[in-house]
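Listed below, chain by chain, are the residues.
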Amino acid sequence: MQRRLLALVATLGLLIAPVAPRAQEAPLTIFAAASLTDAMRVVAQEWQTRGHPALRLSFAASSALARQIEQGAPADLFMSADEPWMDYLQERNLIVNATRVSPIGNALVLVAPANAAQPVTLARTTNLLGLLGANGRLATGDPAHVPVGRYAQAALTWMGQWDAISPRLARADNVRSALLLVERGEAPYGIVYATDAAASTGVRVVGTFPAESHTPVTYPFALMRRAEGNAQARALLAFLTSPEAAPVWQRFGFTLAR
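### Describing the pairing of strand β5 (residues 108–113)
With six of six residues buried, β5 is to be regarded as a mostly interior element. Where β5 lies against strand β8 (residues 189–193), four bridges are found, and the strand directions are antiparallel. Considered in β8, the bridge of V111 is made with G190. Here β5 pairs with strand β9 (residues 203–208) via five bridges, running antiparallel. Within the sheet, the bridge partner assigned to V109 lies in β9 and is T208.

### Focus on the nonpolar core
Core analysis: the largest hydrophobic core is formed by 72 residues, its most contacted members being L36, M79, L110 and W249. Non-local contacts of L36, meaning those with residues more than four positions away in its chain, are made with F59, M79, I104, Y219, W249 and F254. Within the second largest apolar cluster, 15 residues are counted, among which are F31, I69, L89 and I95.

### Concerning helix α2 (residues 37–49)
Think of an α-helix as 3.6 residues a turn; residues three or four steps apart then line up on the same face. Given a rise of 1.5 Å per residue, 13 residues ought to cover 18 Å, and the 19 Å separating the end C-alpha atoms of α2 matches this to within 8%. For α2, the complete set of buried residues consists of T37, A39, M40, V42, V43, A44 and W47. Of the residues trailing α2, G51 is marked for its positive phi of about 95°.

Rules used throughout
- Residues numbered from 1 in each chain as written.
- Predicted model: local features only at pLDDT ≥ 70, side-chain atom pairs only at ≥ 80, totals over all residues.
- Heavy atoms only, no water.
- Buried < 20%, exposed > 50% of the residue type's maximum accessible area, 1.4 Å probe, protein only.
- Helix = DSSP H or I, 4+ residues; strand = E, 2+ residues; numbered from the N terminus.
- Pairing = 2+ DSSP bridges.
- Core = buried A, V, L, I, M, F, W, Y, C linked by side-chain atoms within 4.5 Å.
- Contact = heavy atoms within 4.5 Å.
- Expected span 1.5 Å × (residues − 1).

Take a look at the structure:
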């Protein structure tokens, strides 16, 4: 009888034993261009309010992030400030090609310190070198690897002034660093994105470069190969490109792809 009771208790114990909880969603790691910093932090909060873990966000120049991914950095999603650095990873088979999409864009602008800003008409005849004065430098990203610098080089080449201004560039590691040089008055002018200028009270936009002066400023997003089978990573990418996220991008000055 005692053995039967023990067996019955054991059976009941198995029946009422708590079910192990499902494994929690693992946090996703996002590598995003520096110019996406403010908007992406808000989008990440929106994602978290939907019951997902907080995103791990890493912001830097697209070139630096792409090279980190190439060297094995554990990113789940890459958000580049230009197409060439996404091409760089695609050529190395490091992204899921079918997920690549360019949902937002930006404008290239000339900024000056807010307390000394005067409008500048940006055309082929504009003498930017003259505006810089004898010793002034033009702040922007390093054209050798920073997207905003590449766009700046294209625009200055279109204006016929690249050769003259190139030696006078203050070459920054990313667009936010270039913006800071102008905010501090260390450079009288800078070429940055419209969204970065809008986020600063220390600078003012004095001119917008014509669309024809450079290739469109677009932001390609894609999943990394390591996240190919990650349903949550795919859900995040879908959210970033959804109508729910669109108002955030627009609030920070980005344009939506048509």
